[in-house]
Amino acid sequence: MKFLVMDSAMLPTLLGAAAATTLFQITPCEAFVIPQPLSMQKSAAWVASSSSAMQQNQQQRHQPSSSTSLYQIGLGPGEEETATAITIKESERIILGEDGLPLPHITNHEPFRTDRLSDSDKLADDWFGALLNSPGPSFLGQISASAKERILQPVALVDEPSFEYGEEEWTPYVTRRLPTSPLYPAYGLETYGLPVPRRGAEAWRHFDVNGLVGVDYSGRPEGIGENKNLSAEEQSDIISSLQSKGAWLDDESCAGRLVYINGRFCPSLSKQTDKVKNLDSSHFADDSKALSDKTLTYLSRLPDGFTDELAAEVPDESKGPLTSLKKLSGPDHNVGEPTSQFAINNQQGTAAFAALNSVKAGCVAYVEAEKDESTSGDDGEEAVLPKPVLLINAKTPSGGSAASDGEKGVAFHPRTLAVANDGSVLSLVQMCVDLNEDSDETPCATFANGFTQVFVGAGANVTHSYLEESGGQVTSKVEMSDEEVSAGKLDESPREVEAKRPALRNTHFEAIDVHVIGDEGSYISSVMELGGTGRSRIGISTTLLRPGAMASINGFALSGGAQRSDMRTNIHHIGQGTVSRQEQRNMVGGRSTASFRGRIRVEQSAQQTDSEQLSRTILLSDHARVWATPSLEIIADDVTCTHGATVSDLSEEELFYLRSRGLDRTTARNMLMYAFVEEIGSSVDTTIAGGFDDKNGLRSRIVRRLENLIPAGEKKLVGGEFQSV
């Protein structure tokens, strides 16, 4: 063993005054410097013996003290000496309890799996189980079987893998469990293999989970999985109703049209082609060759990272082609397993409902676009935009339920797969509307659980418009207090009227999963949440995998009455030189609650990323609430990224200007409100948006909803410098 021996006078010169002062407090010949740093994974120390050094140490302990002391500082083993590394295994650690006795090590964690479940969590699990086990068969063959198996397979309770220092996947950022502590599943995974709603989970924060699980949606529409045949009179009535809602394009105005009523396909109202068609159960039979392996692979994918294989390889000079989602930016900055608590905290909570859609969907709306040389605009000519493809999901008051009492709600699961091949151009329009709302049907609580998948090839250009207008209109003036209701001599309080509105029991979910899998692919989306459904939740996930990929996400959410709305977006930059633009606008009135969470993650491989995100919200009522949370997670070091959020009332200065020009306060407010919406509405496909003066066009429909939402009286909560929009 090598030692450095010195007297106390040398220490301040070599170690500095502070270190020498500390060392003076140590008994001479006891100072020992460990020759290697301690690992965060294991504690190891070099142990060596030297009989002469120990004897010298004992002699010095019994000698009288003097002003000059000798210090021995260990420098590690000599060249010819060997050292032994002692490692304490986790299984051999002894941890004492409060009574001083060793605590037993826990190796079987299954008895603790559900220990953390609250009563609310158990209700959520039972509610989801009722949806999953609702009577009736599945129609998507192996896709349904695999999804159900994934839901029912419990998550394995195992510790994170341990790697040695120097191994490729070693990282200091790991979580270690004491051997005497049980291992619990991540929040939401106690019962199922995919995370289900939890009131306190990040993915469901600010959403009405208790109200959601308090309604039984375990019924299924009558005849699900079969085509809906209509008489000529029924066809005419439905077309007229859809036209009045701006949800209809004739055969000459669209490239294809697929119409679904209560989850059932209506061939007599649809325009099918080889590339725009409905996929029923016959396409998914075991002996059927109707669908390619690529299509089946697309349909089997799950969002939120629960399909680990990337939809396309990502070129990376340092690590080669990237194919695994959980290893991106590893080992220090990767998300890891999707079932870990860290990963779940950043998810949208859509995986379980996407898998449920695969189990319960009666059919699939399939749209494919090929490159059209005739519309490419060669020889300096302007490119001809293709006609849009229109997908309509309509529901009646009964939701197609066979029950006459309307006590048990029904759930239907619209499914869409859109594939834009290399060099193609696609305009996809999805609309969710009511049908026969004035009929004598007994209202039934409905749960629409939609799942849309979009894949964009190299050089392809996809424009996607999603309009949610179901649920009718909310009750106006619900922000009025009891005193104002009495003063206005109203027969019934608007809050009481809103509480009785049947659509308040309805729920609308939509998961939109987009993958840009080709170089220079482009995806432009416009999502407008305008309906009066009691609870609505739209989650958009866009993954930019290839160099030069681009995405633009424009969203608008309108909330009023007693609604609870939630908009969540995730833009994932993985390929190099990708670009994203996002603008989200919210208008919240009445006594409603809205939330927006926009997440942008830039991986280490996504150098030269250019990303912008902005959320703007107008609060129309003192009783309305909103949570706006834009976020950026940047791992790369060569990027241009910005994000921000604003919340305000309508500008008093602008209102004063308009009123000074002769407009009354209501008209002035309505004008400013529409101007706020128009910047998002103008990005919707013009064919379906209609003309400026079209009474059934998108502009007119938005104006009618805004007029219904204009608050009564004057606002008192926000003022002064915070009123600029």
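Given the structure is predicted, the values throughout are model-derived calculations rather than measurements.

Side note on the overall build of the chain
Next up, step 1: Assigned secondary structure in the chain consists of 16 helices and 26 strands.
Next up, step 2: Across the 725 residues that make up the chain, the buried fraction comes to 50%.
Next up, step 3: Counting only carbon and sulfur atoms, one obtains 50% of the accessible surface of the chain, whose full area is about 33900 Å².

Brief notes about the nonpolar core
Next up, step 1: Core analysis: the largest hydrophobic core is formed by 46 residues, its most contacted members being Met528, Phe556 and Met587.
Next up, step 2: In terms of residue count, helix H14 (residues 665–681) provides more of this core than any other element does, 7 residues in total.
Next up, step 3: If near-sequence neighbours (up to four positions away) are discounted, Phe556 is found in contact with Val527, Met528, Glu529, Leu530, Met567, Gln584, Arg585, Met587, Phe676, Val677 and Ile680.
Next up, step 4: Counting residues in each nonpolar core, the second largest holds 40 residues, with Val276, Val367, Ala369 and Ala549 among its members.

Description of the packing of helix H13 (residues 652–660) against H14
Next up, step 1: For the pair H13 and H14, the least separation of the axes is 9 Å and the interaxial angle reads 125 degrees. One element, H13, and the other, H14, form an angle in the oblique class. Here H13 runs over H14; the crossing is right-handed. Residues Glu652, Glu654, Leu655, Leu658 and Arg659 of H13 lie in contact with H14, whose contacting residues are Arg665, Ala668, Arg669, Met671 and Leu672.
Next up, step 2: Considering only residue class, the contact of H13 with H14 consists of 5 nonpolar, no polar and 5 charged.

Details of the pattern of salt bridges
Next up, step 1: The tally for this structure, following the rule as stated, stands at 29 salt bridges.
Next up, step 2: Between Arg535 and Asp208 there is a salt bridge, with its nearest N and O atoms 3.7 Å apart. You can see Arg535 sitting in strand E19 (residues 535–544) and its partner Asp208 sitting in the loop between helix H5 (142–152) and helix H6 (209–213), a full 327 residues away along the chain.
Next up, step 3: The shortest N-O distance in the salt bridge between Lys245 and Glu437 comes to 3.2 Å. One end of the pair, Lys245, is in the loop between helix H7 (232–244) and strand E5 (256–261); the other, Glu437, is in the loop between strand E14 (425–434) and strand E15 (446–456), with 192 residues separating them in the sequence.
Next up, step 4: The class of Glu437 is partly exposed, set by a relative accessible area of 40%.

A few points about helix H8 (residues 293–300)
Next up, step 1: Within H8, burial applies to Thr295, Tyr298 and Leu299. Down the axis of H8, the sector holding all buried residues measures 95 degrees, keeping them to one side.
Next up, step 2: Where H8 is buried, its residues meet H5, helix H10 (351–360), strand E10 (364–369), strand E13 (415–420) and E15.

With respect to the environment of Glu202
Next up, step 1: Relative to the elements of secondary structure, Glu202 occurs in the loop between H5 and H6.
Next up, step 2: Placed 147 residues apart in sequence, Glu202 and Gly349 show a C-alpha to C-alpha distance of 8.8 Å.
Next up, step 3: Engagement of the side chain of Glu202 in a polar contact is seen with the side chain of Arg205, the distance being 2.8 Å.

Focus: the confidence of the model for the chain
Next up, step 1: When pLDDT is averaged along the chain, the result is 85; 83% of the residues meet or exceed 70.
Next up, step 2: Taken as a whole, residues 1–9 scores under 50 in pLDDT and shows 40 contacts with residues more than four places along the chain or in a different chain.

Section: the environment of Pro197
Next up, step 1: Relative to the helices and strands, Pro197 is located in the loop between H5 and H6.
Next up, step 2: With a relative accessible area of 0%, Pro197 lands in the buried category.
Next up, step 3: Sequence separation between Pro197 and Ser120 is 77 residues; the distance between their C-alpha atoms is 10.0 Å.
Next up, step 4: With sequence-adjacent residues up to four places away left out, Pro197 is seen in contact with Ala124, Trp204, Val209 and Phe353.

A short note on the sheet that holds strand E11 (residues 389–395)
Next up, step 1: The 10 strands lie next to each other as E6-E5-E11-E14-E16-E18-E20-E22-E24-E26, forming an open sheet whose pairing is mixed. Both edges of this open sheet fall to strand E6 (264–265) and strand E26 (639–648), since each of them pairs with a single strand only.
Next up, step 2: Here E14 pairs with strand E16 (residues 461–468) via 8 bridges, running parallel. Its bridge partner lying in E16, Val425 is registered against Asn461.
Next up, step 3: Strands strand E18 (522–529), strand E20 (550–559), strand E22 (579–588) and strand E24 (609–619) of the sheet are contacted by H14, whose axis makes an angle of about 150 degrees with E22.
Next up, step 4: Helix H16 (residues 698–709) rests against E14, E16, E18, E20 and E22 of the sheet, and its axis sits at about 40 degrees to E20.

Analysis parameters
Residues numbered from 1 in each chain as written. Predicted model: local features only at pLDDT ≥ 70, side-chain atom pairs only at ≥ 80, totals over all residues. Heavy atoms only, no water. Helix = DSSP H or I, 4+ residues; strand = E, 2+ residues; numbered from the N terminus. Buried < 20%, exposed > 50% of the residue type's maximum accessible area, 1.4 Å probe, protein only. Areas by Shrake-Rupley, 256 points an atom, 1.4 Å probe, with all protein chains shown as cover. Core = buried A, V, L, I, M, F, W, Y, C linked by side-chain atoms within 4.5 Å. Contact = heavy atoms within 4.5 Å. Axes fitted to C-alpha atoms, helices over the stretch in contact; angles between N-to-C directions. Parallel < 35°, antiparallel > 145°, perpendicular 65-115°, else oblique. Left-handed = near helix turned anticlockwise from the far one by under 90°. Nonpolar A, V, L, I, M, F, W, Y, C, P; charged D, E, K, R; others polar. Salt bridge = Lys/Arg side-chain N within 4 Å of Asp/Glu carboxyl O. Arc of directions from axis to C-beta. Polar contact = N/O pair within 3.5 Å; in protein donor to acceptor, adjacent residues only side chain to side chain. pLDDT = per-residue confidence, 0-100. Pairing = 2+ DSSP bridges.

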